[in-house]
Amino acid sequence: MVKVAFIGLGVMGFPMAGHLKVKGGHEVKVFNRTTAKAESWVEKFGGSLGLTPAEAAEGADFVFTCVGNDDDLRSVTTGENGVIAAMKPGAILIDNTTASAEVARELAEATAAKGCGFIDAPVSGGQAGAENGVLTVMCGGEPETFERARPVIDAYARMVGLMGPAGAGQLTKMVNQICIAGLVQGLAEGVHFGKKAGLDIEKVIEVISKGAAGSWQMENRHKTMNQGKYDFGFAVDWMRKDLDIVLTEARSNGASLPVTALVDQFYGEVQKLGGKRWDTSSLLARLEK
């Protein structure tokens, strides 16, 4: 058992912190901007809460962050009452936020100056993966730091991999989102075409999902897409945030991402349809409007 701080109890962080407490058996202290959410977590899982990120991080062996974006991350780490100032030498900061590689490198430098370690560790698997403790975690950082952190991360993961130095975890998550964007658009067009052609979509998917066209998106989203239901996962607003990070990085490294850029525009159309909180499979909705 180690002492753990967890900052950010959203739809992902809430269950992830719970797994650290229950499955990992660790002593967990949490912080959330909305104190009521932190109080609810303590009531459900035990542990304790801090009134600031720094208070939660004081004395912790591992500090986890899982917040919205780069600015939120800087606020809870290097801002006033941020965790880094309160971390003890040798502690490790593990960031599960999907953020830029740039901010990951900033945090690696800031923690090193304090005598602490850092791992950027964005996750894939969505809310269901977080609740079931089976997330895929893509890490960037020093190998020695990763080996210390991995047994703790394992509490909410089924796959944990070191991708390279600080920032490599975030870059890997960008590859993940690029692939998902194209897959979902292809699935949306396939379902749309099949319906227009008068096919039984359930029968079609039953057959093609066992072949080269099969994917997680097809297996887990085709039924709800076919029913016009889009309340089953990662929200369009969040996906557009992630794709903005991807496209900004692509402009920096010279990568050509025409399909990703187009799908990002399509998600913008979904937002205008009122689908900001619909899940990412709602690309079908813009084809059927």
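An unreviewed UniProt entry annotates the chain as NAD(P)-dependent oxidoreductase of Rhizobium rhizophilum. Per UniProt, the chain carries the Sequence similarities (unreviewed entry) text "Belongs to the HIBADH-related family."

Draft legend 1. Looking closely at the pairing of strand β4 (residues 62-65). Here β4 shows no split at all, with F62 and F64 on one side and V63 and T65 on the other all buried. Across 4 bridges, strand β1 (residues 3-7) lies against β4 in parallel orientation. The partner of A5 across the bridge, within β4, is V63. Direction of pairing for β4 relative to strand β5 (residues 92-95): parallel, over a ladder of 4 bridges.

Draft legend 2. Summary view of helix α2 (residues 35-45). Residues of α2 that are buried: A38, W41 and F45. When α2 is viewed along its axis, its buried side chains cluster within an angular range of 55° and face the same direction. At its buried positions, α2 is contacted by α1 (13-22), β2 (27-31) and β3 (48-49). In the stretch just after α2, G46 is the one whose phi turns positive, near 95°.

Draft legend 3. Main features of the side chain of R221. Within the element layout of this structure, R221 appears in helix α11 (residues 216-226). Buried charge without a partner: R221 forms no salt bridge, and the closest opposite charge is D279, 4.4 Å away. When neighbours within four sequence positions are excluded, R221 is seen to be in contact with W216, F232, G233, D279 and S281.

Draft legend 4. Spatial organisation of the state of the cysteines. The full count for this structure, using the stated rule, is 0 disulfides. C116 carries a free sulfur, and the closest cysteine sulfur to it, the one in C139, is 18 Å from it. A relative accessible area of 11% places C116 in the buried class. No disulfide involves C179; its sulfur sits 18 Å from the nearest other cysteine sulfur, which is in C139.

Draft legend 5. Structural detail: the pattern of salt bridges. Counted according to the given criterion, the structure contains 9 salt bridges. Salt bridges linked by common partners bring D71, R74 and E106 together as one network.

Draft legend 6. Highlighting the UniProt feature "domain: 6-phosphogluconate dehydrogenase NADP-binding" (unreviewed entry) in the chain. Here the UniProt-annotated "domain: 6-phosphogluconate dehydrogenase NADP-binding" (unreviewed entry) positions come out as residues 3-162. In residues 3-162, helix accounts for 43% and strand for 24%; the two terminal C-alpha atoms are 23 Å from one another.

Draft legend 7. The arrangement of the packing of aromatic side chains in detail. Taken as a whole, this structure holds 6 aromatic pairs when the rule is applied. Aromatic side chains Y230 and W278 sit 5.7 Å apart centroid to centroid with 35° between the ring planes, which places their arrangement in the tilted category. Linking Y230 in the loop between α11 and α12 (236-253) with W278 in the loop between α13 (258-272) and α14 (283-287), this pair joins segments that are 48 residues apart in sequence. Classification of Y230 as buried rests on a relative accessible area of 9%. By way of ring pairs, the aromatic residues F6, F64 and Y156 are connected into one cluster.

Draft legend 8. Spotlight on the packing of helix α9 (residues 168-196) against α13. Contact pair α9 / α13: the axes reach a minimum separation of 9 Å and the direction vectors enclose 65°. At the point where α9 passes α13, the crossing takes the left-handed sense. Residues I178, A181, G182, V184 and Q185 of α9 form the contact with α13, whose own contacting residues are V259, T260, V263, F266 and Y267. For the contact of α9 with α13, the class distribution of residues is 7 nonpolar, 3 polar and no charged.

Reading guide: rules and limits
- Residues numbered from 1 in each chain as written.
- Predicted model: local features only at pLDDT ≥ 70, side-chain atom pairs only at ≥ 80, totals over all residues.
- Heavy atoms only, no water.
- UniProt positions renumbered as here; feature names shortened; annotations may be inferred.
- Buried < 20%, exposed > 50% of the residue type's maximum accessible area, 1.4 Å probe, protein only.
- Helix = DSSP H or I, 4+ residues; strand = E, 2+ residues; numbered from the N terminus.
- Pairing = 2+ DSSP bridges.
- Arc of directions from axis to C-beta.
- Contact = heavy atoms within 4.5 Å.
- Lys, Arg positive; Asp, Glu negative; His and termini not counted.
- Salt bridge = Lys/Arg side-chain N within 4 Å of Asp/Glu carboxyl O.
- Disulfide = S-S within 2.5 Å.
- Phe/Tyr/Trp six-rings, centres within 6.5 Å; stacked < 30°, edge-to-face > 60°.
- Axes fitted to C-alpha atoms, helices over the stretch in contact; angles between N-to-C directions.
- Left-handed = near helix turned anticlockwise from the far one by under 90°.
- Nonpolar A, V, L, I, M, F, W, Y, C, P; charged D, E, K, R; others polar.

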